[in-house]
Amino acid sequence: MENQTIWHRLLMIDRRILYLILFINIIIFLLIPVKVRTVTSPPVRKFYDTIEQLKPGDLVMVSSNWSAGTIGENLPQLEAVIRHLMRKKVRFTVISIEPQARDISYRFVSRFTREGGYEYGKDWAHFGFIPSLVVGIKGMVKDLPATIKQDVRGTPIAQLPVMQGVKTLADYKMVIDITPSGTVPAWIAYRPKNLIVLFCPTSVMAAEAYTFLDSGQVAGMLTGAIGAQEYEQLLQREGLGTTFGNAISFSHALIIFFIILGNVALFMSRRAQGG
Amino acid sequence: MWQIETGTTAGKIYVTLIVLAFLALFMGLIPVMQVLPPRGRRALIALVTFFAGLVFAAEFFLPVNKEGENLLSPAIEPAQNTLQIIGAMALALGTYGLIRLHLRNIVQQRSQWGYSVVLIVAFLTMGFFSVWNTLAEKGELPKTTVLERGFGLLFDNMLVPLESAMFSLIAFYIFSAAYRAFRIRSIEASILMFTAMVVMIGIVSLGNIISYQWLGLPLEQTAEMEKNPFSLRNIGYNLALPRIAYWILQALNAPVQRAIEFGVGIAGLAMAIRLWLSLERGIT
Amino acid sequence: MSYQHAADNWFSAIIIALIAAAVLLNIARAKAGAQLYIRRIPGLDAIDEAIGRSTEMGRPVTMIPGLTTFGVVAVQALTIFKYITKQIAKFATPMRLLTADATVYAVAQEAIHDAYNEAGRPDLYDPDDIRFLSDRQFAFASGVAGLLQRERVAASFMFGEFYAESLIFAETGNIVGAIQIAGTTTFTQVPFFVAACDYTIIGDEFYATSAYLSREPVLLGSLVGQDIAKLLFVLTIIVGLITTTIQGKDHWLVKLLGMPGGWDAFWRAIFGGS
């Protein structure tokens, strides 16, 4: 049997060893607090500046469509966004497109607003979930109270102080879509023309949003936990985004190291075969 | 005409008549379909498909009034709600198929029937607590400690970590896929590899460390740099990894994506037209 | 007001009409006997090779339409799977079709049943081979990954809409040594398929698959019509590019095409000139 060189062994390395190395890398950088200053990317800067233009009392729609699977990326975004909105003293309502997203967003937003001194019904409300986003948006554009009818606690939304004077989606200043799926085209296509759209996707979905960012249809974007990290830096408040962002950074470095190693191994093993 | 006031007697009679009419239509359709020759059956299906699609197409093209509605606009929401109801019925069918398969595995003790036991037990347990929780939230059933603890255990302590764990697998799979695939085998593979590496480093804080701390590249563009775009400082500013990564995403990724989306959109429209006009044999 | 009707956006109304006209005219041309060319797509040529490999190894073939809800993409995916099933039926290779949408599951049962009938092997059809696993993304992903591992599939065909779970399928298929052909309209998942699968069908090649495999005149004609429509888009972009460069952004043609509004804006632009 041919003697396998180290380069051959590196090329054929058991993937479980790779997984173990990555696992250790992530754990180390999750547990060890590393102070790394990030530079704010243009989409995050635009996101922050857009929310900074809000005035106290403005109304914002937060569309929270993520569930347990993407908690690592979307939760830091949701927390940072809600805390920024509370800092600006704007009113907001939360809506989801599926039951698990409703439950998760209701729990977390309730916690953040309790900490921020916001009162349910007066400063914020949760509309529960709408089964079809497109039908829901079209309905809200025409007549919001008739489309939503009641909030997640069963109270008719017309009775909520936060919804006083609100008839349609046009009464909102902006919609912030926090999602792991492709829901933002629906908001862009069917919203009232003056409704600003901000987007918080997972990193994977961010690539397809650059066209909307470029054309101005999306005013700003937070890309996964990295975007949340940059945003927290602007808010001067460290949260989950900072912790996760650091772990992601060093994981990327590890992957690149192994890609280079793999190519060196390929080159050396070809040389050994040729020799 | 599309919105019915179900509170009134007239509304209730109207709803009953519509439901009976549809039932009669479908009951009558079955023997008609059996009696018709295949060509006739295809023609009938094509006719129904055409008129069903015509509602949506006509609603889009017909002129609208000041409120942005036309004659067919009130029909769209009930039509879309009907599609959702059909989807819900199909969900029941799918769930039945799943349960039937796994119950059969258990009864006949087919290979790996243990997994089927796990599925059935998990399905029944989660279903029971979920329904109880939903009814308790509406106030129709009492919210007891058993429910809170049980639902909390199943949702917070099992479902959430399990779904997160499945999503986290992607990180590990990306590692093994990148290690295997990003090799300098051809020009295209090399371009793919270098672009991926630059974007991966450029979008995270490590790119900032390398560009701004280790290499000392300028962080911001000054007025002087703008006036002299070919100055060393301005070139350095633009060669920072975060700026290159952002340029790749904005100037390379976005146009290519637009091009692909154009093609996909046109192809999707063409297929929809073929299906609407029954020109597509496809799955029928 | 939003773009919900043709009256709100004259551009979309005209473009839809033009694309429809191009497609229908070329379908008519194809039916009249015109010889239409379609270029080679390596991923689709490999379908037969993958099925042959599965048959030799005696291991099943899986077909996964992803998280596609019932619509145009699902119909196209099921058309491709129907073709694959007809090929499979010739060799009696076992197969599994795994869906995450109940409506797709119901339609897939009929489509696969028809495929076996058309191939002359109705005895091979087993309704348990078409499975609805779950409509939850990661429950579906874990079900598919588990099945791929347990049954050691030899060929995996993934056509439809995929999201984050795409890499889970592709890498699991790679682990068990399956030959994998994937096609998706979801742009963001293409890199994962390119990295982990043997062949990847990108963008509107997915919709061209049925025309490529069947060579039916209607489908080939439609494909040519689509290409003509794409050419119109390219010409519009070039005209806009030249006009903006020479005349600037305030030229009426640039304003007309760049900011479509209702029909009154269109007539004002044409006859008013700005």
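These figures come from a predicted structure and were not determined experimentally.

## Thoughts on the interface of chain B and chain A
And step 1. Taken together, the contacts link 38 residues of chain B with 39 residues of chain A.
And step 2. If you list the elements that add at least two residues to the side of chain B that touches chain A, you get α3 (73-107), α5 (145-181), α6 (187-202), α7 (205-214) and α10 (241-276) of chain B.
And step 3. The greatest single-element share of the side of chain B that touches chain A, amounting to 11 residues, is contributed by α5(B).

## Topic: the domain arrangement of chain C
Residues and elements named next belong to chain C.
And step 1. In terms of domain boundaries, chain C breaks down into domain 1 (6-35 + 219-272) and domain 2 (42-214).
And step 2. Relative to domain 2, the C-alpha centre of domain 1 lies at a distance of 36 Å.
And step 3. Facing 4 residues of domain 1, the contacting portion of domain 2 comprises 5 residues.

## Here we look at the interface of chain C and chain B
And step 1. Every contact between the two is made by 50 residues of chain C and, on the other side, 44 residues of chain B.
And step 2. The leading source of residues in the side of chain C that touches chain B is helix α9 (residues 217-247) of chain C, at 7 residues.
And step 3. Along the lines of polarity and charge, the residues of the side of chain C that touches chain B split into 31 nonpolar, 12 polar and 7 charged.

## Some thoughts on the domain arrangement of chain B
And step 1. Taken domain by domain, chain B holds domain 1 (8-61) and domain 2 (182-276).
And step 2. Relative to domain 2 of chain B, the C-alpha centre of domain 1 of chain B lies at a distance of 53 Å.

## Observations regarding the sheet that holds strand β2 (residues 95-99) of chain C
Residues and elements named next belong to chain C.
And step 1. The strand order across the open sheet formed by 6 strands is β3-β2-β1-β4-β5-β6, and the pairing between neighbours is parallel. Lying at the two open borders of the sheet, with one neighbouring strand each, are β3 (130-132) and β6 (199-202). Going from strand to strand, the sheet's axes swing by 15° on average, the running direction of each strand aside.
And step 2. The pairing of β2 with β3 spans 3 bridges and is parallel. Across the sheet, the residue bridging to L98 is R131, located in β3.
And step 3. Across the sheet, helix α2 (residues 42-57) lies against β1 (61-66), β4 (155-161), β5 (179-184) and β6, angled at about 145° from β5, the strand it touches most.

## What to know about the pairing of β5(C)
Residue and element names in this part refer to chain C.
And step 1. With 6 of 6 residues buried, β5 lies mostly within the body of the structure.
And step 2. A two-sided burial pattern is seen for β5, the buried positions comprising I179, I181 and G183 on one face and Q180, A182 and T184 on the other.
And step 3. With 6 bridges connecting them, β4 and β5 associate as parallel partners. Across the sheet, the residue bridging to M158 is A182, located in β5.
And step 4. On the question of chirality, the crossover connecting β4 to the parallel β5 by way of helix α6 (residues 166-175) is right-handed.
And step 5. In terms of strand pairing, β5 meets β6 through 4 bridges, oriented parallel. Residue G183 lies in a different strand from β6, and its bridge partner there is I201.
And step 6. At this point the chain moves from β5, through helix α7 (residues 190-196), to the parallel β6, and the crossover so formed is right-handed.

## Let's talk about the pairing of strand β4 (residues 174-179) of chain A
Residues and elements named next belong to chain A.
And step 1. Burial of β4 is extensive: 6 of the 6 residues sit out of reach of the surface.
And step 2. Neither face of β4 is exposed, since M174, I176 and I178 on one face and V175, D177 and T179 on the opposite face are all buried.
And step 3. Both strand β1 (residues 59-64) and β4 contribute to a ladder of 5 bridges, which runs parallel. In the strand pairing of β4, M61 is matched with V175.
And step 4. In this sheet, strand β5 (residues 196-201) lies alongside β4 in parallel orientation, the contact comprising 6 bridges. Pairing of D177 across the sheet is with F199, part of β5.
And step 5. Regarding topology, helix α8 (residues 184-190) serves as the crossover connection from β4 to the parallel β5, and that connection is right-handed.

## Some words on the packing of helix α3 (residues 72-91) of chain C against helix α8 (residues 205-214) of chain C
Residues and elements named next belong to chain C.
And step 1. Look at α3 against α8: their axes get within 9 Å of each other, and the N-to-C directions meet at 35°. Judged by the sense of rotation from one axis to the other, the crossing of α3 with α8 is left-handed. Where α3 approaches α8, its residues Q76, T79, I80 and Y83 are matched on the opposing element by F206, Y207, T209, S210 and L213.
And step 2. Taken together, the residues that form the contact of α3 with α8 break down as 5 nonpolar, 4 polar and no charged.

The rules behind each value
- Residues numbered from 1 in each chain as written.
- Chains lettered and ligands numbered in written order.
- Predicted model: local features only at pLDDT ≥ 70, side-chain atom pairs only at ≥ 80, totals over all residues.
- Contact = placed C-beta atoms within 7 Å.
- Helix = DSSP H or I, 4+ residues; strand = E, 2+ residues; numbered from the N terminus.
- Domains from an automatic or database assignment.
- Nonpolar A, V, L, I, M, F, W, Y, C, P; charged D, E, K, R; others polar.
- Pairing = 2+ DSSP bridges.
- Axes fitted to C-alpha atoms, helices over the stretch in contact; angles between N-to-C directions.
- Buried ≥ 20, exposed ≤ 12 C-beta atoms within 10 Å, placed from the backbone.
- Right-handed = clockwise from strand over helix to strand, strands pointing away.
- Left-handed = near helix turned anticlockwise from the far one by under 90°.

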